[in-house]
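# Survey of secondary and tertiary structure
Residues per chain, in single letters:
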Amino acid sequence: VLLLLAAAAFDHAAAEGNFGEEKFKAGDKAPDFTTVDLDDNKVTLSSFNGSNVVLLNFWGLRCGACIEEMPHLNAIYKKYKDKGLKVLGVDTDGVDATIVRNTMKEVGIVADFTILLDQEFTITDTYTNFLVPLTRVISKGGIIEFIHTGYESGNEAEYEKAVTKALGL
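Below you will find a few notes about this structure. Every value quoted in this text rests on a predicted model; they were computed, and no experiment measured them.

### What to know about the environment of Ala-30
- For Ala-30, the location among the structural elements is in the loop between helix 1 (2-16) and strand 1 (34-37).
- On the basis of relative accessibility, which here comes to 10%, the residue Ala-30 falls in the buried class.
- Dropping the residues within four chain positions of it, Ala-30 is found in contact with Leu-45, Tyr-127, Ile-138, Gly-142 and Ile-144.

### Regarding the sheet that holds strand 1
- Strands sit in the order 2-1-5-4-3-6-7 across an open sheet of 7 strands; the sheet is mixed. Pairing within the sheet leaves two strands with one partner each, and these edge strands are strand 2 (42-44) and strand 7 (144-149). Each neighbouring strand pair of the sheet contributes to a mean axis angle of 30°, computed without reference to strand direction.
- Bridge count between strand 1 and strand 2: 3 bridges; the pairing is antiparallel. Within strand 2, the residue paired with Thr-34 across the bridge is Thr-44.
- Here helix 2 (residues 64-80) sits on the sheet and contacts strand 3 (53-59), strand 4 (85-91), strand 5 (114-117) and strand 6 (134-138); the angle it forms with strand 3, its principal contact strand, is near 165°.
- Packed onto the sheet, helix 3 (residues 97-107) meets strand 3, strand 4 and strand 5 and runs at close to 135° relative to strand 5.

### With respect to unusual backbone geometry
- Cis geometry is found at the peptide bond from Val-132 to Pro-133, where omega equals 0°.
- Note on placement: Pro-133 falls in the loop between helix 4 (122-127) and strand 6.
- The phi dihedral of Phe-121 falls on the positive side, at around 60°, and the residue is not glycine.
- Along the chain, Phe-121 falls in the loop between strand 5 and helix 4.
- With a relative accessible area of 31%, Phe-121 lands in the partly exposed category.
- At Phe-130, a residue that is not glycine, the phi angle is positive and equals roughly 60°.
- Take Phe-130: it is sitting in the loop between helix 4 and strand 6.
- Phe-130 sits in the partly exposed class, given a relative accessible area of 45%.

### Section: the packing of helix 2 against helix 5 (residues 155-167)
- Contact geometry for helix 2 and helix 5: axes closest at 10 Å, N-to-C directions at 25°. Here helix 2 lies roughly parallel to helix 5, going by the angle between them. Classified by chirality, the crossing of helix 5 by helix 2 is right-handed. Seen from helix 2, the contacting residues are Glu-69, His-72, Leu-73, Ile-76, Lys-79 and Tyr-80; seen from helix 5, they are Glu-156, Tyr-159, Glu-160, Val-163, Thr-164 and Leu-167.
- Each residue belonging to the contact of helix 2 with helix 5 can be placed in one class, and the counts come to 6 nonpolar, 2 polar and 4 charged.

### Points about the side chain of His-148
- Within the element layout of this structure, His-148 appears in strand 7.
- Within the local environment of His-148, its side chain forms a polar contact with the backbone oxygen of Gly-150, the two atoms lying 3.2 Å apart.
- When near neighbours in sequence (up to four residues on either side) are disregarded, His-148 contacts Pro-133, Leu-134, Thr-135, Asn-155, Glu-158 and Tyr-159.

### Digging into the state of the cysteines
- The full count for this structure, using the stated rule, is 1 disulfide.
- The partner cysteine of Cys-63 in its disulfide is Cys-66, sulfur to sulfur 2.3 Å. A torsion of 80° about the S-S bond marks the disulfide between Cys-63 and Cys-66 as right-handed. For the pair formed by Cys-63 and Cys-66, the shared burial category is buried.

Analysis parameters
In this convention, every chain numbers its residues from 1, walking through the sequence in written order. For this predicted model, a pLDDT threshold of at least 70 governs which residues receive local features, and a threshold of 80 or more governs which side-chain atom pairs are given and counted, while totals over whole chains, interfaces and linings are taken from all residues. Values reported for side chains reflect all heavy atoms of the structure, with hydrogen atoms and water molecules removed beforehand. Secondary structure elements are taken from DSSP: a helix is a run of H or I of four residues or more, a strand is a run of E of two residues or more, and numbering for both begins at the N terminus. Each residue's exposure class comes from its accessible area (1.4 Å probe, protein chains only) as a fraction of the maximum for that residue type: buried when under 20%, exposed when over 50%, partly exposed otherwise. Any two residues having at least one pair of non-hydrogen atoms within 4.5 Å are treated as being in contact. Only strands joined by at least two bridges in the DSSP assignment are considered to pair. Axis lines are fitted to C-alpha atoms, over the contacting stretch for helices. Their N-to-C directions set the angle, which ranges from 0 to 180 degrees. Angles are sorted into four bins: roughly parallel if under 35 degrees, roughly antiparallel if over 145, roughly perpendicular if 65 to 115, and oblique for all others. Handedness of each helix crossing follows the sense of rotation of the near helix against the far helix: counterclockwise by less than a right angle gives left-handed, clockwise gives right-handed. Amino acids outside the nonpolar list (Ala, Val, Leu, Ile, Met, Phe, Trp, Tyr, Cys, Pro) and the charged list (Asp, Glu, Lys, Arg) are all regarded as polar, and Gly is one of them. N or O atoms within 3.5 Å of each other form a polar contact, as long as, within protein, one can give a hydrogen and the other can take it, and as long as residues adjacent in sequence are counted only when both atoms are side-chain atoms. Cysteine sulfur atoms that come within 2.5 Å of each other are treated as a disulfide pair.

Here's what the structure looks like:
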């Protein structure tokens, strides 16, 4: 019965196109977090407040849509990094850096932006309903400006529009 209820909720979210959006909406303050990147450097979301717009993307190593989306995120990062954009990709698999690196290499993911680890699922649980990919654009003031769950070809135009708006371009 519980599985059927979960499936019905998933189907309803799919029909409404609002996967993961129930936790936050545009205009909400982005919850702060601290974690490490693939090189074990400490990264705190709030450290970008005042200086960077953040495109925060939750993705998984076995998620086909996530893998398809990565080159587009990388292109957006390269285009706007000198204008104040930071892209943070949170791996939602709960694995260590070696597994993430090896799998990225194996499936051909190139990310010039920062990949973060969430081995305890703390960030993932805060921001998502474990549906990936999930993309949020966070203003320099730490406010969520844009939310999108899933990925289909063409969504990157929406991301870029949200990024340019948040950057004031």
